[in-house]
Amino acid sequence: SSDLVEFSPDSSHHAYGANDGKKGVVVIDTEVKWRCHKVLRGGALFSNDSKRLAIGVEEPDGSQLIMADGIPQMKFLSIPQIRPSFSPDSEHLAYCALERGDQTVLVVDTDVHPLPGGIIKGARLVWEDSRHIHTIVLDDLKGRVVRLNR
């Protein structure tokens, strides 16, 4: 199975992840670039400058992580179905993850920020600029916008 094909913003590249039941692969243009245990649903994401790529993968031990530019990032219990997001200048990568103990966190590069209450289903990560990111978290059963400074 495979996800939809993702096209780079400048339309010069395309990428997708696929699983054949035994292994996962990440294809960029027409070449297999990365191999992994399993590609997560949600698809690949190009940075705004079309030079970087991120995709969620699962390890053989069941942990999940983001591969960014072919480099495995931190392992977590799971990566929710919220797409990673590159900053407008393509320098920073943000994504949500679930740690042991059901603690939802927002990861920006290697900084981990707890999100008490968790993230609202369907929420997105929105960059105000390359230093500030917003998302919506659960707060007393209501949504609350969280703004983080980078």
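I will try to describe carefully the structure that is included in this document. Predicted model only: the values in this text are computed from it and were never measured. (Residues numbered from 1 in each chain as written. Predicted model: local features only at pLDDT ≥ 70, side-chain atom pairs only at ≥ 80, totals over all residues. Heavy atoms only, no water.)

Here we take up the overall build of the protein. For the protein, the helix and strand inventory stands at zero helices and 16 strands. Looking at the 150 residues of the protein, the share that counts as buried comes to 45%. Summarising the internal contacts of the protein: among those between residues at least 6 apart in sequence, 28% fall at separations of at least 24. Counting every atom, the protein has about 8,400 Å² of accessible surface; 51% of that belongs to carbon and sulfur. (Helix = DSSP H or I, 4+ residues; strand = E, 2+ residues; numbered from the N terminus. Buried < 20%, exposed > 50% of the residue type's maximum accessible area, 1.4 Å probe, protein only. Contact = heavy atoms within 4.5 Å. Areas by Shrake-Rupley, 256 points an atom, 1.4 Å probe, with all protein chains shown as cover.)

Moving on: the pattern of salt bridges. Following the criterion strictly, the structure yields five salt bridges and no others. Via salt bridges that share partners, Glu59, Asp61 and Lys75 belong to a single interconnected network. (Salt bridge = Lys/Arg side-chain N within 4 Å of Asp/Glu carboxyl O.)

Another aspect to go through is the sheet that holds strand S12 (residues 103-108). Read from one edge to the other, the open sheet built from four strands follows the order S10-S11-S12-S13, with strand pairing classed as antiparallel. Two strands in the sheet have a free side with no partner beyond their single neighbour: strand S10 (85-86) and strand S13 (111-114). Across six bridges, the pairing between strand S11 (residues 93-99) and S12 is antiparallel. Considered in S12, the bridge of Ala97 is made with Val105. (Pairing = 2+ DSSP bridges.)

In this section: the packing of aromatic side chains. According to the stated counting rule, one finds one aromatic pair in the structure shown. Ring geometry for Phe76 and Tyr95: centres 6.4 Å apart, planes at 75 degrees, overall edge-to-face. With Phe76 in the loop between strand S9 (71-72) and S10 and Tyr95 in strand S11, the pair connects residues that are 19 residues apart, well separated along the chain. Neither residue differs from the other here; Phe76 and Tyr95 are each classed as buried. (Phe/Tyr/Trp six-rings, centres within 6.5 Å; stacked < 30°, edge-to-face > 60°.)

A separate point is the pairing of S11. Extensive coverage of S11 is indicated by the burial of six of its seven residues. If you look at the hairpin formed by S10 and S11, you'll find six residues sitting between the two strands, and Ser90 has a positive phi there, around 65 degrees. Taken together, S11 and the strand that follows it, S12, pair antiparallel across an intervening segment of three residues, in which Gly101 is found at a positive phi of about 85 degrees.

One non-glycine residue, Ser11, lies in positive phi territory at about 65 degrees. Structurally, the position occupied by Ser11 is in the loop between strand S1 (6-7) and strand S2 (14-19). Of note, Asp109 is a non-glycine position whose phi angle comes to about 60 degrees, a positive value. Here Asp109 is to be found in the loop between S12 and S13.

Hydrogen bonding along the main chain pairs the strands of a sheet, whether they run parallel or antiparallel. Spatial strand order, S1-S2-S3-S4: four strands in an open sheet with antiparallel pairing. Edge positions in the sheet fall to S1 and strand S4 (31-36), since each of these pairs with one other strand and no more. As paired elements, S1 and S2 share two bridges and run antiparallel to each other. Within S2, the residue paired with Glu6 across the bridge is Ala15.

The side chains of a regular strand alternate, first on one face of the sheet and then on the other. Buried residues dominate strand S3 (residues 24-28), accounting for five of its five residues. Residues of S3 alternate between two faces, with Gly24, Val26 and Ile28 on one and Val25 and Val27 on the opposite face, all of them buried. When S2 meets S3, the two strands line up antiparallel, connected through five bridges. Paired with Tyr16 across the strands is Val27, a residue of S3. Counted along the chain from S2 to the antiparallel partner S3, the turn is four residues long, and its residue Gly21 has a positive phi close to 95 degrees. As judged from the five bridges shared by S3 and S4, these two strands associate in the antiparallel manner. Considered in S4, the bridge of Val27 is made with Val32.

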